[in-house]
Amino acid sequence: MDGSYQYGNWVLIGLGIYMVLMLFIGWYASKKISTTTDYVVAGRRLGIFFCTGTLFATWFGSGTCMGGAGNAYIFGNQGVIFDPWGAAVCLLLTGFFFARLMRRGRYITLVDLFELRYGKSMGLFSTASLSIAEMGWVGAQLVAFGTIINYFSGIPLWTGITISTFILVVYTYLGGMWAVTLTDVFQMIILMVGMIIMLYVAIPLAGGWEAIFSNEPTNMMGINQWSFIPTPEAAANPEMENAGFMYYTGYVGWFYWLAAWLAIGFGSIPAQDLMQRVLSAKDEKTASYSSYLAGLLYVTVGMMPVIIGMIYFKVNPDLSIDDALNKILLLMAVEHLSPFFAVLFVSALVAALMSSSDSAILAASSIIGYNGYKYFNPGADEHQTLKMTKIMVPIVTFVSLMLALYFQVIYNLMVIAWSLLLVSLFVPYAAAYFWKKANNYGAIASFWGGLAVWITAYFIYLPMTKAANTDLGLNGAETGIYFDWAMWDSLYISSVWALVGSLAFMVVVSLATQKADAPKPLVDIDGNPMPVVKWMGWFKKGETDVPVNVTVSVTDR
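Residues numbered from 1 in each chain as written. Predicted model: local features only at pLDDT ≥ 70, side-chain atom pairs only at ≥ 80, totals over all residues. Heavy atoms only, no water.

*Asks:* For this particular structure, what's the right way to read the side chain of Gln 225?
*Replies:* Residue placement: Gln 225 occurs in the loop between α9 (209–212) and α10 (250–265). Among the polar contacts listed, one links the side chain of Gln 225 to the side chain of Asn 219, at a separation of 2.9 Å. (Helix = DSSP H or I, 4+ residues; strand = E, 2+ residues; numbered from the N terminus. Polar contact = N/O pair within 3.5 Å; in protein donor to acceptor, adjacent residues only side chain to side chain.)

Laid out in structure tokens, this is it:
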């Protein structure tokens, strides 16, 4: 069916026009770039509208759109706890606990915090972890872009992915964070219009809202449609044997459920693309309130593709697993929209994935070009770091391209990227602010200990998940072990133990090495002591940012 859409050329022409517009915006934004601060954090001048727009658009990528629809088709609501539900939690938690302190520090990248609070070793490790995670995130977007081009033109998936990579490199390279912000806000508007149109068309196909919100097991795996928690044995369907979470019962099912909330809900908090937007806000209030607004927008608009995926199962329950995971929204556009609205909707999908991938490309490039470069050239000035950050844009994108070509699975590639940050960086990041006894030895132990527990637990759980994913009898799933699902399942379940291990290593090693490695104080980018006061994300009338060189009473918390 790929490439056979009657109006496929219209869609490609529309996408071509859209791409040219994005390139123009990148060129326009490049005129305002003169320093690393301009390029990486948009000169710290984003107001509430632009900051909310770029936060929402960055989060709302192909994982939410195409991957979310596919997982809802297969698993119902249980399949999208990771995203959009967990991602919305992440934005709300960031706004309340972390946005004020992060913006107060005036860092250029997230690595600055790890380096200043712990030391250069932790800065280097965080550079590696963040870069890998961001490139995995970009890879998920490129798979989606290639899928769209392949579907409407018939050209091979790898060719479509390569074309999309070139467009992203050019406009991200030109304009940095300001270009990304402008394109994000524009793409947010296109995205919301497209999703609303598709949802309006889809609702009657399901028989109205009442049918949509029934809890019948109308998905490929027969799981109760709106299940938020593991399905109790008493509520399970005996024929479907659908008890537990994603078919896992007992404590394993609860661990999987917990991992679904934690992977993005906690794992994305220490992510450069999120904190880059916090650091780009004009003040602390904008940073916090933009996170709240983006979270509310996300859970509202993010449920639209989820509902569309559920509806499409009612329309066509016979898709293969591969088509369900990546192509449901494309099928809906082709089968149920006029050519004009199909072009608009596909442009909205492209807007979603471009707004996420450009952000992640810039995030990884900023970390490597600004922080990583200084490990090899400690005396690098601002001109050199800006130049290196720009150079890293095509390099980062090329590595992401390789990941996309190898894995070619949107949702899982996205989630595993944030699981990496969950098990390696979340504990050191939170402790940097809220535990004065956290030291460099403890942070390093937490980083490597979390990863070690994750890998160990993965191999322990893998035989069980392989058994659970054997002879599934689903469309597109080969007989025998469906290893892709077994691998992802084991990685997710193991991440809970890894988070616990990361926390234990942080506490035990920090307390045991207080004399050998005295904890460093929390400081801002200029080295000034930064009080952890007035950190919660609510503001009294007329309240302003807390100066970093002024001591504030603890009663003002």
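Once the structure has been displayed, the description carries forward.
*Asks:* Explain helix α1 (residues 8–30) here, please?
*Replies:* Every α-helix carries 3.6 residues per turn, so stepping three or four residues along brings you back to the same face. The terminal C-alpha atoms of α1, which comprises 23 residues, lie 33 Å apart, in line with the 33 Å expected from a rise of 1.5 Å per residue. Listed in full, the buried residues belonging to α1 are Gly 8, Val 11, Gly 14, Leu 15, Tyr 18, Met 19, Met 22, Ile 25, Gly 26, Ala 29 and Ser 30. (Expected span 1.5 Å × (residues − 1). Buried < 20%, exposed > 50% of the residue type's maximum accessible area, 1.4 Å probe, protein only.)

*Asks:* Looking at this structure, I do not really get the packing of aromatic side chains. What am I missing?
*Replies:* Think of a pair of aromatic rings as described by two things: how far the centres are apart, and how the planes are tilted against each other in angle. Counted under the stated rule, the structure contains 36 aromatic pairs. When the centroid spacing of 5.8 Å and the interplanar angle of 15° are considered together, the rings of Trp 209 and Phe 213 count as stacked. Since its relative accessible area comes to 46%, Phe 213 is described here as partly exposed. Measuring from centroid to centroid gives 5.3 Å for Phe 340 and Phe 341, while their planes differ by 75°, and the two rings are edge-to-face. The exposure class of Phe 340 is exposed, given its relative accessible area of 58%. Through pairs of rings, three or more aromatic residues link up here, namely Phe 96, Phe 97, Phe 98, Phe 114, Tyr 429, Tyr 433, Phe 434, Trp 535 and Trp 538. (Phe/Tyr/Trp six-rings, centres within 6.5 Å; stacked < 30°, edge-to-face > 60°.)

*Asks:* Would you mind going over the nonpolar core with me for this structure?
*Replies:* The biggest cluster of nonpolar side chains holds 185 residues, and the ones touching the most others in it are Ile 74, Met 102, Ile 148, Met 354, Tyr 429 and Tyr 433. In this view, Ile 148 contacts Leu 15, Met 66, Leu 330, Val 346, Leu 349, Val 350 and Leu 353; residues no more than four positions away in its chain are not counted. (Core = buried A, V, L, I, M, F, W, Y, C linked by side-chain atoms within 4.5 Å. Contact = heavy atoms within 4.5 Å.)

*Asks:* I'm lost on the pattern of salt bridges in this one. Help?
*Replies:* Oppositely charged side chains may form a pair once their charged atoms are brought near each other. Per the counting criterion, the structure on display carries six salt bridges. Between Asp 38 and Arg 45 there is a salt bridge, with the nearest N and O atoms lying 3.9 Å from each other. Exposure remark for Asp 38: the relative accessible area of 12% places this residue in the buried category. Owing to a relative accessible area of 34%, Arg 45 belongs among the partly exposed residues under this scheme. Arg 100 is the salt-bridge partner of Glu 284, the closest N and O atoms lying 3.1 Å from each other. Of the two residues, Glu 284 sits in helix α12 (residues 284–301) while Arg 100 sits in helix α5 (residues 81–105), which places them 184 residues apart along the sequence. Taken together, the salt bridges that share partners define one network made up of Arg 100, Arg 104 and Glu 284. (Salt bridge = Lys/Arg side-chain N within 4 Å of Asp/Glu carboxyl O.)

*Asks:* Just to check I follow, could you spell out the packing of helix α19 (residues 440–468) against helix α20 (residues 483–512) for this structure?
*Replies:* Working note: a packed helix pair is described by the angle between its axes plus the distance between those axes. Following both chains from N to C, one finds α19 and α20 inclined at 150°, their axes separated by 5 Å at the closest point. Judged on the interaxial angle alone, α20 and α19 are roughly antiparallel. α20 is crossed by α19, and the crossing has right-handed handedness. Across the contact of α19 with α20, the residue classes break down as 20 nonpolar, 11 polar and two charged. (Axes fitted to C-alpha atoms, helices over the stretch in contact; angles between N-to-C directions. Parallel < 35°, antiparallel > 145°, perpendicular 65-115°, else oblique. Left-handed = near helix turned anticlockwise from the far one by under 90°. Nonpolar A, V, L, I, M, F, W, Y, C, P; charged D, E, K, R; others polar.)

*Asks:* Is there a simple way to explain helix α6 (residues 110–117) in this structure?
*Replies:* Counting buried positions along α6 yields six of eight residues, so the element is predominantly enclosed. For α6, the full list of buried residues reads Leu 110, Val 111, Asp 112, Leu 113, Phe 114 and Arg 117. Two or three places before Val 111, at the start of α6, stands the capping residue Thr 109, its side-chain oxygen 3.3 Å from that residue's backbone nitrogen. Directly beyond the C-terminal end of α6, a positive phi value near 145° is found at Gly 119.

*Asks:* Which parts of the structure should I look at to understand unusual backbone geometry?
*Replies:* The residue after Asp 83, namely Pro 84, is reached through a cis peptide bond having omega 25°. Among the structural elements, Pro 84 can be located in helix α5. Positioned with a positive phi, Arg 44 is a non-glycine residue whose angle comes to about 55°. Structurally, Arg 44 can be placed in the loop between α2 (36–41) and α3 (48–59). Judged by relative accessible area, Arg 44 falls into the buried class, the value being 16%. In the Ramachandran plot, Tyr 247 falls in the positive-phi region, its phi being about 75° despite a non-glycine side chain. Relative to the helices and strands, Tyr 247 resides in the loop between α9 and α10. For Tyr 247, a relative accessible area of 30% translates into the label partly exposed.

*Asks:* When you look at the environment of Val 508 in this model, what are you seeing that I'm missing?
*Replies:* For Val 508, the position within the fold is in helix α20. Classification of Val 508 as exposed rests on a relative accessible area of 55%. Spatially, the C-alpha atoms of Val 508 and Ala 445 are 9.3 Å apart, while their sequence positions differ by 63 residues.

*Asks:* Whenever I open this one, a nonpolar patch on the surface confuses me. Can you help?
*Replies:* Judged by side-chain polarity, Ile 391, Ile 395, Phe 398, Val 399 and Met 402 come together as a nonpolar surface patch covering roughly 410 Å² of accessible area. Following the sequence through the fold, Ile 391 ends up in helix α16 (residues 382–407). Under the relative-accessibility criterion, Ile 391 is labelled partly exposed at 36%. (Patch = residues over 30% accessible without salt bridge, like charges linked within 9 Å, V, L, I, M, F, W, Y side chains within 5 Å. Areas by Shrake-Rupley, 256 points an atom, 1.4 Å probe, with all protein chains shown as cover.)

These values are about where atoms sit, not about what they do.
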